[in-house]
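Working through the structure, step by step
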Amino acid sequence: MSKILIVDDSPAQLFCLRKIVEEGGHHAVTADSGEAAVEMATDEKPELILMDIVMPGMNGYQAKRNIGRNESTRHIPVIFVSS
């Protein structure tokens, strides 16, 4: 079972993605902004991040850059998921 961080500002998208991840046997943690994603990646150390691109404040590209600059999180793969 892998820990997967799901990042999206839409509660509906978070719900759908969380359901898919958990039905696949994985543990899901969520964040609703780019800023929260950076913090959660550092704190939770997920094996994978599923991230929306368009979010208010820090968008997905900016969050990915911040995650990639941190020595403790740069190894975490990020898949952009955007509706």
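Residues numbered from 1 in each chain as written. Predicted model: local features only at pLDDT ≥ 70, side-chain atom pairs only at ≥ 80, totals over all residues. Heavy atoms only, no water.

Overall, parallel pairing links the four strands, which are arranged E2-E1-E3-E4 in an open sheet. Since the sheet does not close on itself, it has two edges, and those belong to strand E2 (27–31) and strand E4 (78–80), each with one partner. With strand direction ignored, the average angle separating the axes of adjacent strands in the sheet is 20°. As paired strands, strand E1 (residues 3–7) and strand E3 (residues 48–51) are joined by four bridges and run parallel to one another. Each bridged residue has a counterpart across the sheet, and for Ile4 the counterpart in E3 is Leu48. Seen against the sheet, helix H2 (residues 34–44) touches E1, E2 and E3 and runs at an angle of roughly 145° to E2. (Pairing = 2+ DSSP bridges. Helix = DSSP H or I, 4+ residues; strand = E, 2+ residues; numbered from the N terminus. Axes fitted to C-alpha atoms, helices over the stretch in contact; angles between N-to-C directions. Contact = heavy atoms within 4.5 Å.)

Glancing now at the pairing of E2. In this sheet, E2 lies alongside E1 in parallel orientation, the contact comprising five bridges. Paired with Ile4 across the bridge in E2 is Ala28. On the question of chirality, the crossover connecting E1 to the parallel E2 by way of helix H1 (residues 11–23) is right-handed. (Right-handed = clockwise from strand over helix to strand, strands pointing away.)

Judged by nonpolar contacts, the single largest core of 15 residues is most densely connected at Leu5, Val7, Ile49, Met51 and Ile67. Of all the secondary structure elements, the ones that give two or more residues to this core are E1, E2, H2, E3 and helix H3 (60–69). Top element by residues in this core is H2. It accounts for three residues. Once residues lying within four places of it in the same chain are set aside, the contact partners of Ile67 are Ala37, Val38, Ala41, Ile49, Met51, Thr73 and Arg74. (Core = buried A, V, L, I, M, F, W, Y, C linked by side-chain atoms within 4.5 Å. Buried < 20%, exposed > 50% of the residue type's maximum accessible area, 1.4 Å probe, protein only.)

Examined against the element boundaries, Pro46 turns out to sit in the loop between H2 and E3. For Pro46, a relative accessible area of 2% translates into the label buried. Note: C-alpha distance between Pro46 and Ile76 (30 residues apart in sequence) is 7.1 Å.

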